[in-house]
Amino acid sequence: MREALIKAMQRHQIVNIMYLAQSGIITKRRVKITKITGDSFTAFCFTRSAKRTFRIQNVLAVLPILQRESGVI
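Residues numbered from 1 in each chain as written. Predicted model: local features only at pLDDT ≥ 70, side-chain atom pairs only at ≥ 80, totals over all residues. Heavy atoms only, no water.

1. Considering the packing of aromatic side chains
As enumerated under the stated definition, the model contains 3 aromatic pairs in all. Taking the centre distance of 5.3 Å and the plane angle of 25 degrees together, the rings of F41 and F54 count as stacked. Of this pair, F41 sits in strand 3 (residues 40–45) while F54 sits in strand 4 (residues 50–55), placing them 13 residues apart in sequence. Here F41 matches F54 in class, with each residue buried. (Phe/Tyr/Trp six-rings, centres within 6.5 Å; stacked < 30°, edge-to-face > 60°. Helix = DSSP H or I, 4+ residues; strand = E, 2+ residues; numbered from the N terminus. Buried < 20%, exposed > 50% of the residue type's maximum accessible area, 1.4 Å probe, protein only.)

See the structure below:
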């Protein structure tokens, strides 16, 4: 999981993560990772509109957001 997070950070990608919260609830967050240190990472969470810190071990999945081209041909 760490490698996927590092790759997203290096590419400045916004990603969806499935995350296991401390309360045991699984949440889906849209984030942009800003810093990875040790066993956690800091990201701007678009879901909460705030900077948050997440534990890498609690990330269940990392899915890059694919931007669609809009327009008519």
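2. What to know about the pairing of strand 1 (residues 14–20)
In this sheet, strand 2 (residues 26–37) lies alongside strand 1 in antiparallel orientation, the contact comprising 7 bridges. The residue bridging N16 from the neighbouring strand is R30, located in strand 2. Counting the residues in the hairpin turn of strand 1 and strand 2 gives 5 residues, including G24, whose phi is positive at 95 degrees. Here 5 bridges tie strand 1 to strand 5 (residues 59–64), and the two strands are oriented antiparallel to one another. Bridged to N16 within strand 5 is L63. (Pairing = 2+ DSSP bridges.)

3. Notes on the pairing of strand 3
Each regular strand carries side chains that alternate between the two faces of the sheet. Counting buried residues along strand 3, 5 of its 6 residues qualify, which places the element largely inside the surrounding structure. Two elements, strand 2 and strand 3, share 6 bridges in a ladder whose sense is antiparallel. Across the sheet, residue I36 finds its bridge partner in strand 3, namely F41. Between the end of strand 2 and the start of strand 3, which pair antiparallel, lie 2 residues, with G38 showing a positive phi angle near 60 degrees. Of the strand pairs in this sheet, strand 3 and strand 4 are connected by 6 bridges, and their pairing is antiparallel. Residue pairing across strands places F41 opposite F54, the latter belonging to strand 4.

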